[in-house]
Amino acid sequence: MENQRVFTRSQILQHKSEKDCWLVINGRVLDVTKFLEEHPGGKEVLMEVAGKDATKEFDAIGHSKGAQNSVLKYQVGVLEGATVEEVGGMETVTGMESKTQEMSAFVVKEDPKAPSQIFYEFFLPLLVATSYFGYRFLTREESHI
Ligand code: HEM
């Protein structure tokens, strides 16, 4: 696969300009040239770690899960000597997200009221009240005659 090509640190260090910018995060070699202008944290911070391992800096910011998943889009290879665990480490993020989705779906199901509950809570008291006042009205009318 194209993004499984192995690069050495000195090879990666060749790509440290704005027109050709690579960096390493969690053993993945990323080509972020096209991302420089889009990065919400700015181009400058990426240029500071251009051609280098930026794992510590990336983690220190506390990037969102979305940002962590986006990293995969820019992968062009792996760092020489990076272990499989290191490279696959981010896959757990996807698992965590699907758990969250299951939980929110459960909460949504709990919300709507059953039709019988609406009857007992609203229509039954209304019926009782209407009958009571109707009865009183009719008996008053009769007493006036
Ligand atoms: C391909 C790699 C990267 C991606 C896809 C990425 C993506 C993002 C995204 C989406 C945000 C917005 C906040 C969030 O969703 O977490 C962000 C913010 C930021 N990023 Fe990155 N980032 C990358 C690499 C880096 C690196 C290597 C550094 C540091 C050297 C860095 C520093 C920052 C900073 C300082 C912010 C602003 C945080 C704030 O305003 O609170 N990012 N990044």
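Rules behind the numbers
- Residues numbered from 1 in each chain as written.
- Predicted model: local features only at pLDDT ≥ 70, side-chain atom pairs only at ≥ 80, totals over all residues.
- Heavy atoms only, no water.
- Salt bridge = Lys/Arg side-chain N within 4 Å of Asp/Glu carboxyl O.
- Helix = DSSP H or I, 4+ residues; strand = E, 2+ residues; numbered from the N terminus.
- Buried < 20%, exposed > 50% of the residue type's maximum accessible area, 1.4 Å probe, protein only.
- Donors = N, O, S within 2.8 Å, 3.2 Å for Na, K, Ca; no water.
- Tetrahedral: all angles 85-135°; square planar, octahedral: opposite > 155°, others 65-115°.
- Pairing = 2+ DSSP bridges.
- Phe/Tyr/Trp six-rings, centres within 6.5 Å; stacked < 30°, edge-to-face > 60°.

J.: Provide a residue-level description of the pattern of salt bridges, including the pertinent values.
T.: One pass over the full model with this rule turns up two salt bridges. The salt bridge involving Lys43 is made with Glu18; its shortest N-O contact spans 3.2 Å. With Lys43 in helix α2 (residues 43-48) and Glu18 in the loop between β2 (16-17) and β3 (20-25), the pair connects residues that are 25 residues apart, well separated along the chain. Under the relative-accessibility criterion, Lys43 is labelled partly exposed at 21%. Put simply, Glu37 and Lys43 hold a salt bridge, and the shortest N to O gap is 3.3 Å.

J.: I'd like a rundown of the coordination of the iron atom of the ligand, residues and numbers included.
T.: For the iron atom of the ligand, the protein coordination sphere consists of His39 (NE2) and His63 (NE2), at 2.0 to 2.1 Å. Coordination geometry of the iron atom of the ligand: the six donor atoms subtend angles of 85 to 179° at the metal centre, consistent with an arrangement described as octahedral. Taken as a pair, His39 in the loop between β4 (28-31) and α2 and His63 in the loop between α3 (55-61) and α4 (65-70) lie far apart in primary sequence, 24 residues in all. Overall, the relative accessible area of 14% leaves His39 in the buried class. Residue His63 is classed as partly exposed on the basis of its relative accessible area of 22%.

J.: Please provide a residue-by-residue account of the sheet that holds strand β5 (residues 75-79), values included.
T.: Pairing within the open sheet is mixed, and its five strands lie in the order β1-β5-β4-β3-β2. Every other strand in the sheet has two partners, leaving β1 (6-7) and β2 as the edge strands with one partner each. The pairing of β4 with β5 spans three bridges and is antiparallel. Of the residues in β5, the one forming a bridge with Val29 is Gly77.

J.: For the packing of aromatic side chains, give the residues involved together with the corresponding values.
T.: Overall, the coordinates contain four aromatic pairs when judged by the stated rule. Ring geometry for Phe35 versus Tyr74: centroids 4.9 Å apart, planes at 35°, classification tilted. Taken together, the residues span a long stretch of sequence, with Phe35 in the loop between β4 and α2 and Tyr74 in the loop between α4 and β5 at a distance of 39 residues. Like Tyr74, Phe35 is buried. Here Tyr132 and Phe133 contribute two aromatic rings whose centre-to-centre distance is 5.2 Å and whose plane-to-plane angle is 70°, an arrangement assigned as edge-to-face. Under the relative-accessibility criterion, Tyr132 is labelled partly exposed at 45%. Taking relative accessible area as the criterion, Phe133 reaches 54% and is therefore assigned exposed.

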